[in-house]
Amino acid sequence: MIAAPAWQVARLMYRHNYRIIQRSDKATLMPDPAFHARAAMLPDGWAEQVRITVRDGLFATIERDRPAEPDDERHAAILPGLPNLHSHAFQRAMAGLAEARGSSDDDFWSWRAAMYRFVDRIGPEELRAIALMAQIEMLESGFTRVGEFHYLHHDRAGGRFADPAEMSASVIAAAEESGIALTHLPVFYAHAGFGGIAPAAEQRRFVHDVDGFADLLEAVRGAAVRLPDAVVGIAPHSLRAVTPEELAAITPLAGHAPIHIHIAEQTREVDDCMAWAGARPVEWLLDHAAVDARWCLVHATHVTARETAAIVGSGSVVGLCPITEANLGDGIFPAARFLELGGRFGVGSDSNVLIDATEELRLLEYGQRLSLGQRNVVGGGRACSTGDALYRHALAGGGQALGAGGVGIAVGEPADFLSLDTDHASLLGRSGAHLVDGLIFAAGRSAIDGVWRRGRRLVSDGRHHARDRAMHGYRRALAELLA
Ligand code: NGQ
Ligand code: ZN
């Protein structure tokens, strides 16, 4: 990047088709990048010899069957970056620390108790360092946008920060540094269980009333404008944590933005909901809220055939988090039936116990195979590549749920994409959709060699450019938290 006086900028623009990018207060020069890929995953299928130009961070032109021009950056195969529709960034720092059986039966609820003990120690600075590391790992693994389902709002004592968005600002600052696209989902949390039970002491840092939540949302919206393409939605945490009156009061605050909720992840939640309302969680939600295409039902693991069909009818997206759901012993979502009906899903890294886009997709498919005794379940139909179908579903569903993108490599869309190392042992001799099968089922993230956001390269040879700096801060934060 070269800084230059305005007259020079104008001359260079004229001579070299350079453009001015306004960044804070100084004008800098960056060439409009142009790329050439031997193969590219486009919305209507795989294409060959694809030439792509980018302007202002968006795909400007996409031409097929075109040779490379001399200054083009050349790649073997490119595909769109994936949305990660559900993350609790702070949980990355406890990854692997809850993997020893306790004295009682170990389950979701005992994991949650351990997580609550851990969360107690995280302040704004630690959150920033952890979120940065997590986002870097997301980018390296193929995720280019993250939906951060954020509920750690208050200080360690549960007291209010002067700026209600203090903790959100840490996530936003991390996104500014990592370059990941952010859909921030401030969480409304008020109760410890169905029927408006008072929150527990361990939940003191999450809690708002409706007015306090509206203030938070306004502050977060103000803070997020420093990012180029942030989206701010809302997240009623779960039917356990929000009363019907509160749900009705906060949903209008979303406007057209995404609304995410945890639902029916555990059988105890289903039983408690039945005892409280005589209805199952998804059934209750669809009967009492105007669930539409803005909504993302996170997990929706325990659903009946009727509920499955009703979710499809609502146009909402199901947010599947296969690695976390396996780690927490949640259960397996009835994906085959859901997809037959035309359901939409995306994937999320949720607890971030392991951050890997390709592994989320692989485990999603393998969970179905293991439970059904079949192969190629989440496919696009006869002879369709399962990897390609998984990828396209997660792209479209995740993009819808995060209120941005989801179309992929198309004119006007953000230039967020990955390049594959087609010399990788697991990709040799593959082409088109079979490259995605190789990526998901055989190679994993080790075959992703580059990642771009808004046309800017963030990852080379599988490493994010800010990784070393981020590791430094992360090491310090962990030393503090685990002391
Ligand atoms: C969460 N995680 O918000 O981090 C939850 C645990 C809860 C998952 N549901 C807290 N996987 O559900 O009460
Ligand atoms: Zn979650």
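The model shown is predicted, which means the values in this text are computed figures rather than measured ones.

Enquirer: Where do I start with the nonpolar core in this structure?
Expert: Nonpolar side chains tend toward joint burial in soluble globular proteins. Core analysis: the largest hydrophobic core is formed by 116 residues, its most contacted members being Leu285, Trp295 and Tyr391. No other element matches the nine residues that helix H3 (residues 124-141) contributes to this core. Residues contacting Tyr391, with those up to four places away along its chain left out, are Met41, Leu79, Pro80, Leu82, Leu361, Leu418, Val436, Leu439 and Ile440.

Enquirer: Before we go on, may I ask you to explain the pattern of salt bridges in this structure?
Expert: For side chains bearing opposite charge, pairing can occur when the charged atoms are close. Taken as a whole, this structure holds 27 salt bridges when the rule is applied. Two residues, Arg64 and Asp44, come together in a salt bridge whose shortest N-O distance is 3.1 Å. Of this pair, Arg64 sits in the loop between strand S6 (58-63) and strand S7 (73-80) while Asp44 sits in the loop between strand S4 (34-42) and strand S5 (45-55); the two residues are 20 residues apart in sequence, bridging distant segments of the chain. For Asp416, the salt bridge is made with Arg453, and the minimal N-O distance between the two is 3.1 Å. In this pair, Asp416 is assigned in the loop between helix H13 (386-401) and strand S17 (417-420) and Arg453 in strand S18 (residues 448-453), connecting sequence segments 37 residues apart. Here Asp416 and Arg453 have matching classes, each one buried. Salt bridges sharing partners connect three or more residues here, namely Arg51, Glu63, Arg66, Glu69 and Asp72.

Enquirer: Sorry, what's going on with the site of ligand 1 here?
Expert: What surrounds ligand 1 is a group of 14 residues, the closest being Arg112, Tyr151, His237, Arg240 and Glu265. One nitrogen or oxygen atom from the side chain of Tyr151 is found 2.7 Å from an oxygen atom belonging to ligand 1. One nitrogen or oxygen atom from the side chain of Arg240 is found 2.8 Å from an oxygen atom belonging to ligand 1. When ligand 1 sits alone it has 340 Å² of accessible area, and the protein chains cover 100% of it. When residues in the shell around ligand 1 are grouped by element, the largest group, five residues, is from helix H2 (residues 108-119). Grouping the constituent residues of the shell around ligand 1 by class yields six nonpolar, four polar and four charged.

Definitions and cut-offs
- Residues numbered from 1 in each chain as written.
- Chains lettered and ligands numbered in written order.
- Predicted model: local features only at pLDDT ≥ 70, side-chain atom pairs only at ≥ 80, totals over all residues.
- Heavy atoms only, no water.
- Core = buried A, V, L, I, M, F, W, Y, C linked by side-chain atoms within 4.5 Å.
- Buried < 20%, exposed > 50% of the residue type's maximum accessible area, 1.4 Å probe, protein only.
- Helix = DSSP H or I, 4+ residues; strand = E, 2+ residues; numbered from the N terminus.
- Contact = heavy atoms within 4.5 Å.
- Salt bridge = Lys/Arg side-chain N within 4 Å of Asp/Glu carboxyl O.
- Near = heavy atom within 4 Å.
- Polar contact = N/O pair within 3.5 Å; in protein donor to acceptor, adjacent residues only side chain to side chain.
- Areas by Shrake-Rupley, 256 points an atom, 1.4 Å probe, with all protein chains shown as cover.
- Nonpolar A, V, L, I, M, F, W, Y, C, P; charged D, E, K, R; others polar.

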